[in-house]
Amino acid sequence: MKCKKCYDTAIIEMPSLCKSHFTEYFEEKVKRTIEEFGLLEKNDKVCVAASGGKDSVTLLYLLKKFGYEVEALAVNEGIHGYRDHTLSFLKKFCDDNKILLRIHSYEEETGKRLDKMVKPGSPACNTCGTLRRHVLNKYSEGYDKIATGHNMDDESQAVLMNLLKAQKKIFYRQGPKTNKVKGFTQKIKPFYFLREKEIMVYSFIKNINVSYTECPFARLSYRSKVRDALNEYESRHPGTKERILRKYLSIKHVSQPKAVSLCSRCGFPASGYECKACRIKESVVSQA
Amino acid sequence: MELFIERTGEKKTLSFNGTAENLLKEVGINSEEVIITRNNEIITLDQEVREGDSVRVLSVISGG
Ligand SMILES: [Zn+2]
Ligand SMILES: [Zn+2]
């Protein structure tokens, strides 16, 4: 496969680009997402919620490269054989790149590690998500934004999961940034329009050699089933993940149904001054 | 061909000649979940892998 911009060999098929054109495309896409959705101001003090996985490390790398004042904030959940490994990589990366890193743990918040808090074999992700949001918010006081490495895969999975579980209340809370709410640091997602695979390709090119780790609890989660189904669909119908997010963003701001008024003619509920049936009746009568 | 599958940690020697796409089908992995390197260079699915190559199937999923 050839690059669609030059005739070099492509390194990725969607979009089909060579190494240098892919690098350019990737960085532009992050910049454009930041601009289009107003994710960052030039002088924002931003902390990256860093797990040590490739998404958050790549995000640290890029925001620093773009010239933002960036620091790393990591949460140690206390998951045996998993987080210690990614955190030691993160420490080295931050050392090498002169990025300030702060680490806080569930244990210092609650007195217990996650793997002591939940029963083995039970999905821990809900408890973990709640605690993570709490810790990140607590220690990001004084920063303008928290940036997370959430990507197109994470976000399209979230939209689908909320639909499948009919979670109306949180359905409207997704998107590239959270609303400004007093008491919460605003969260932004510069990788919103990049697939996990694209981030992997970029991090490989840049020698950000994060070794593979999968949270042992995540394998049991509902999300992992949605992820596999969505990947299956994406490989058969390329562009599915992006279409889900574009469609989602286009309907997200559609306001909730207005308070129902009553039709001035028949008294039935109507969306305006008259109900649709009465408007039809009227037009039929006027035609006769 | 030397094949390494990161997610399972599997390493094996395989006699396979064909496209990377067919290799993934043979080992039952969805291409959306991985990138493939041949002798340490990323390749697309239409590229050939053959005897003597060192092929790595690297997992894209980070899960956390
Ligand atoms: Zn090119
Ligand atoms: Zn009416």
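Residues numbered from 1 in each chain as written. Chains lettered and ligands numbered in written order. Predicted model: local features only at pLDDT ≥ 70, side-chain atom pairs only at ≥ 80, totals over all residues. Heavy atoms only, no water.

J.: Any details on the coordination of the zinc ion (ligand 2)? Residues and values, ideally.
T.: All names here are of chain A. Protein coordination at the zinc ion (ligand 2): the donors are Cys263 (SG), Cys266 (SG), Cys275 (SG) and Cys278 (SG), at 2.2 to 2.5 Å from the metal. Classification of the site at the zinc ion (ligand 2) rests on its four donor atoms, whose angles at the metal span 96 to 117 degrees, yielding the label tetrahedral. Summarised as a motif, the one-chain spacing of the donors to the zinc ion (ligand 2) is C-x2-C-x8-C-x2-C. Residue Cys266 is found in the loop between strand 8 (261-262) and strand 9 (269-270), and its partner Cys278 is found in helix 12 (residues 276-287); the two are separated by 12 residues along the sequence. The exposure class assigned to Cys266 is partly exposed, which follows from its relative accessible area of 34%. (Donors = N, O, S within 2.8 Å, 3.2 Å for Na, K, Ca; no water. Tetrahedral: all angles 85-135°; square planar, octahedral: opposite > 155°, others 65-115°. Helix = DSSP H or I, 4+ residues; strand = E, 2+ residues; numbered from the N terminus. Buried < 20%, exposed > 50% of the residue type's maximum accessible area, 1.4 Å probe, protein only.)

J.: For the packing of helix 2 (residues 54-65) of chain A against helix 3 (residues 83-96) of chain A, give the residues involved together with the corresponding values.
T.: All names here are of chain A. Their axes nearest at 11 Å, the elements helix 2 and helix 3 cross at an angle of 10 degrees. Overall, the two elements helix 2 and helix 3 adopt an arrangement that is roughly parallel. Listed contacts from helix 3 to Val57, Leu60 and Tyr61 of helix 2 are Phe89, Leu90, Phe93 and Cys94. Considering only residue class, the contact of helix 2 with helix 3 consists of seven nonpolar, no polar and no charged. (Axes fitted to C-alpha atoms, helices over the stretch in contact; angles between N-to-C directions. Parallel < 35°, antiparallel > 145°, perpendicular 65-115°, else oblique. Contact = heavy atoms within 4.5 Å. Nonpolar A, V, L, I, M, F, W, Y, C, P; charged D, E, K, R; others polar.)

J.: Requested: an account of empty space enclosed by the protein, with residues and values cited.
T.: Evaluation of the coordinates by the stated rule reveals two cavities of 30 Å³ or more. Its volume calculated, the largest cavity comes out at about 90 Å³. Counted by class, the lining of the largest cavity contains five nonpolar, five polar and two charged residues. Empty space within the second largest cavity amounts to approximately 60 Å³. Contributing to the lining of the second largest cavity are 14 residues, with Glu13(A), Lys197(A), Ile35(B), Ile36(B) and Ile43(B) lying nearest its centre. Of all elements in the fold, only strand 1 (12-13) and helix 9 (196-205) of chain A together with strand 4 (34-38) and strand 5 (41-43) of chain B reach the threshold of two or more residues within the lining of the second largest cavity. If you tally residues by element for the lining of the second largest cavity, the top one is strand 4 of chain B, at three residues. For the lining of the second largest cavity, the residue count by class is 10 nonpolar, two polar and two charged. (1 Å grid on protein atoms, 1.4 Å probe; cavity = no way out; pocket = protein on both sides within 12 Å on 5 of 7 lines; lining within 4 Å. Points joined across faces, edges and corners; volume = space filled by probe spheres on them.)

Worth remembering: the numbers are spatial, not functional.
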